[in-house]
Amino acid sequence: MNILLLGTDGRAHALAWKLLNSPLVHSVVCSPGNGGTAPLALQATMDAQNPIEIARWCFDEHFDLVLPADSSALHAGLSDEALSLHIGICGPPKRTVALEQSRCQIKEFLLRYGIPTAPGKAFYDLAMAEKYLASQPLPLIIKADHPSGGEERYDDRYAAIEGLRAVFAARPLEAERSGVVIESLLTGPRVVLSAFCDGKTVVPLLPVRLYDHVGDGDTGLVASGMGAHTGSSNYARQLAEYLQQRFLNKIVEGLAAEGLPAWGIVGVDCIITAEGPRAIALRFALRVGEAEVVLPRLNDDLLPWLQAMLAQRLHELPIPQWAPTPSIGLGLVARGYPVSFPYGGLIRGLDELDEGVLVFHQMTANPSIIMPYTQQRNPASGAGVNQAIGRLFGMGVSSGISGLHSTGGHVMTLVAQGATLTGARGRALINAERIQFDGRSYREDIGAKEFG
């Protein structure tokens, strides 16, 4: 099978690595990929916001499947275009995935189907929002409708009213329906769970504790990708079962009830409060950090799962087989991330890592080893080119290339496994010290507690 993998970050690298370990995969082409995928797969340059171009390219080049690592291309309508040309696409149509871009719609969806979430409501009218805000206990959170608009905690009611008015004033003029979400402040660890979905059957992956603040103890600025880990305790298994039953199953049932087809990845983000998990977001792609710690623990070939999602055959497959060893991902970032940071410096030390320790690149480039995809008259010829490259070089190929450098603040994620979470954490910390680039920094408390 020929697969086009869309994405630039650690999720794309992790998926490319997993797919190239499959004997069923003929070739993987990344668009555009990064410095980590460069030695593993050919590169094609396409505009992720141009679904017609991507679908036509796949049709002309006889590619069987498009796998988006993130949902940006799906928002542009890639699924609709690919299906019109009978090309497999691992992700739902535009009208479904649009849900994840509106916090107001997500809030209303969660409340409509009785999915546990923070006390609060969505508002599209400023006057109604102000009346509601005046009656709510502090502290509270005000969220802009689109996730890019951010959110703010308020401990002062006057400041909250000013913040609310500022959000309404900043609404896009072209938006027909855009509002705010006002809800109670939730405290606790952030845990995400994703699942394979074919529209009916939900097969959960592993719950992941995500760390999204720059400082130890979840202090400092919000910054994605600082760390993640999985667990292997009874609590981790019970948490996965609970989140599937109370959250993921209800989400998929709700989507079906509203005529929104869903296949591919369906996920939920939660805060684990003293009263139990509460949903804060739903999505149609793996989170940054999640893919990097989950995929190395999946003992199964990924391709049959992708095929089953497209063919609505998930119910025919046995449950996924997972390695029993917890995994930890340390986000290696440039000091000053996410505000101001150095980038462009060479990355060193990848050849000094212990065996079995993986590095998934987030913001890197290595122009000296890019293998551009060229149009092939007979794509079936040269079978297994990507697979041979991947097996020959493996994960450590970039370590000997002098041109590997950072292109942003979150440079890469180092992933280690161990018999225990403590063992995996120690292994990750030791190996993280061996990687060097300008201003290299990381949190040292990732995985200090399983889901605390």
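Chemist: Before we go on, may I ask you to explain the environment of D80 in this structure?
Modeler: As for its placement among the helices and strands, D80 is situated in helix 4 (residues 78–84). If we skip the residues at most four places from it in the chain, D80 touches P93 and K94.

Chemist: Looking at this structure, I do not really get the packing of helix 7 (residues 126–135) against helix 8 (residues 157–169). What am I missing?
Modeler: For any two helices packed against each other, the geometry is given by the interaxial angle and the distance between the axes. The interhelical angle for the contact between helix 7 and helix 8, taken along N-to-C directions, is 160°, at an axis separation of 11 Å. Comparing the axis directions of helix 7 and helix 8 gives the class roughly antiparallel. Relative to helix 8, the crossing made by helix 7 is right-handed. Residues L126, A129, E130, L133 and A134 of helix 7 form the contact with helix 8, whose own contacting residues are R157, A160, I161, L164, R165 and F168. For the contact of helix 7 with helix 8, a count of residues per class yields eight nonpolar, no polar and three charged.

Chemist: Got a minute to help me understand the nonpolar core in this structure?
Modeler: Across soluble globular proteins, nonpolar side chains show a tendency to be buried alongside one another. Ranked by size, the top nonpolar core spans 48 residues in total, and within it L4 and W57 carry the most contacts. The contact partners of W57, leaving out residues within four places of it in the chain, are L4, V29, A44, M46, F63 and Y373. One finds A16, V203, L295 and W305 within the second-largest nonpolar core, a separate group that totals 43 residues.

Chemist: Would you take a moment to explain the state of the cysteines for this structure?
Modeler: When the sulfur atoms of two cysteines share a covalent bond, that bond is a disulfide. On inspection of all chains with the given rule, the structure shows zero disulfides. In this model C90 remains outside any disulfide bridge; the closest cysteine sulfur is found in C197, 10 Å from its own. Owing to a relative accessible area of 7%, C90 belongs among the buried residues under this scheme.

Chemist: Would you mind showing me how to read the pairing of strand 14 (residues 264–273) here?
Modeler: Put simply, side chains in a regular strand alternate between the two faces of the sheet. The buried count for strand 14 comes to ten of ten residues, which makes it a mostly enclosed element. Two elements, strand 10 (residues 190–197) and strand 14, share eight bridges in a ladder whose sense is antiparallel. Looking at strand 14, one finds that L193 is bridged to V268. Pairing geometry for strand 14 and strand 15 (residues 276–283), over seven bridges, is antiparallel.

Chemist: I would appreciate a short explanation of the confidence of the model for the chain in the present structure.
Modeler: Caution applies to low-pLDDT parts of the model: their predicted coordinates are not meant to be read in detail. On average, residues of the chain score 92 in pLDDT, and 93% of them are at 70 or above. This stretch, residues 377–385, has a pLDDT under 50; its non-local contacts, to residues over four places away or in other chains, come to ten contacts. This model gives residues 387–401 a pLDDT under 50, and the stretch forms 31 contacts once residues within four places in sequence are excluded.

Chemist: What am I meant to see in the pairing of strand 2 (residues 27–32) here?
Modeler: Burial of strand 2 is extensive: five of the six residues sit out of reach of the surface. Across six bridges, the pairing between strand 1 (residues 2–7) and strand 2 is parallel. Following the sheet pairing, L5 is matched in strand 2 by C30. The handedness of the strand 1 to strand 2 crossover, carried by helix 1 (residues 10–19), is right-handed.

Chemist: I'm lost on the packing of aromatic side chains in this one. Help?
Modeler: Note on aromatic pairs: each is described by the distance of the centres and the angle between the planes. Here the structure, examined in full by the defined rule, presents eleven aromatic pairs. Between the aromatic rings of F109 and Y113, the centroid separation amounts to 4.9 Å while the plane-to-plane angle is 50°, which identifies the pairing as tilted. Accessibility expressed as a relative area gives 1% for F109, which makes it buried. Judged by its relative accessible area of 25%, Y113 falls in the partly exposed class. Ring centres of F196 and W305 lie 5.3 Å apart, and the angle between their planes is 25°; on these two criteria the pair is classed as stacked. Taken together, the residues span a long stretch of sequence, with F196 in strand 10 and W305 in helix 11 (residues 302–311) at a distance of 109 residues. Its relative accessible area of 3% is what places W305 among the buried residues. A cation over an aromatic ring shows up here: R209 above the ring of Y211, its NZ or CZ 4.1 Å from the ring centre.

Chemist: Sorry if this is basic, but what is going on with the side chain of E183 here?
Modeler: Inspection of the secondary structure puts E183 in strand 9 (residues 180–184). Of the polar contacts made by the side chain of E183, one reaches the side chain of K107; its length is 2.7 Å. Side chain to side chain, E183 and K143 meet in a polar contact 2.7 Å long. Residue contacts for E183: discarding those within four places in its chain leaves K107, A118, P119, G120, L140, I141 and K143.

Chemist: Help me out: how do you make sense of the pattern of salt bridges in this one?
Modeler: Side chains carrying opposite charge are able to pair once their charged atoms draw close together. A complete count under the given rule lists 21 salt bridges for this structure. R165 serves as the salt-bridge partner of E130, at 2.6 Å between the closest nitrogen and oxygen. With E130 in helix 7 and R165 in helix 8, the pair connects residues that are 35 residues apart, well separated along the chain. The exposure class of E130 is partly exposed, given its relative accessible area of 21%.

Calculation rules
- Every chain is numbered on its own, with residues counted from 1 as its sequence reads.
- Totals for whole chains, interfaces and linings use every residue, but because this is a predicted model, local features are given only for residues with pLDDT of at least 70 and side-chain atom pairs only at 80 or more, for both listing and counting.
- Side-chain numbers here rest on the full set of heavy atoms in the structure, without hydrogens or water.
- Helix and strand labels come from DSSP, where a helix needs a run of H or I of at least four residues and a strand needs a run of E of at least two; each type is numbered from the N terminus.
- Throughout, a residue-residue contact means that at least one pair of heavy atoms, one from each residue, lies within 4.5 Å.
- Only the contacting stretch of a helix is used when fitting its axis, a line to C-alpha atoms as for every element, and angles between N-to-C directions run 0 to 180 degrees.
- These descriptions rest on fixed angle ranges, namely under 35 degrees for roughly parallel, over 145 for roughly antiparallel, 65 to 115 for roughly perpendicular, and the rest for oblique.
- By definition, any crossing whose near helix is turned counterclockwise from its far helix by less than a right angle is left-handed, and any crossing with a clockwise turn is right-handed.
- The nonpolar class holds Ala, Val, Leu, Ile, Met, Phe, Trp, Tyr, Cys and Pro. Asp, Glu, Lys and Arg form the charged class, and all remaining residues, Gly among them, are polar.
- Buried Ala, Val, Leu, Ile, Met, Phe, Trp, Tyr and Cys residues that are joined via side-chain atoms within 4.5 Å together make up what is termed a nonpolar core.
- When accessible area is computed with a 1.4 Å probe and restricted to protein chains, residues below 20% of their type maximum are described as buried, those above 50% as exposed, and intermediate ones as partly exposed.
- Note on terminology: pairs of cysteine sulfur atoms within 2.5 Å are recorded as disulfides.
- Pairing between two strands requires that DSSP report at least two bridges joining them.
- A residue's pLDDT is simply how confident the predictor is in it, with values from 0 to 100.
- A crossover counts as right-handed when, viewed with the strands pointing away from the observer, the path leading from the first strand over the helix to the second turns clockwise.
- Stacked, tilted and edge-to-face are the three classes assigned to paired rings of Phe, Tyr and Trp, where Trp is represented by its six-membered ring and a pair needs centres within 6.5 Å; plane angles under 30 degrees give stacked, over 60 edge-to-face, the rest tilted.
- Consider the ring centre and the ring normal. A charge sits over the ring if Lys NZ or Arg CZ is within 6 Å of that centre and within 35 degrees of that normal.
- In protein, a polar contact means a hydrogen-donor-capable atom and an acceptor-capable atom, both N or O and within 3.5 Å, with residues adjacent in sequence counting only if both atoms are side-chain atoms; elsewhere, any N or O pair within 3.5 Å suffices.
- Here a salt bridge means any side-chain nitrogen of Lys or Arg lying within 4 Å of a carboxyl oxygen belonging to Asp or Glu.

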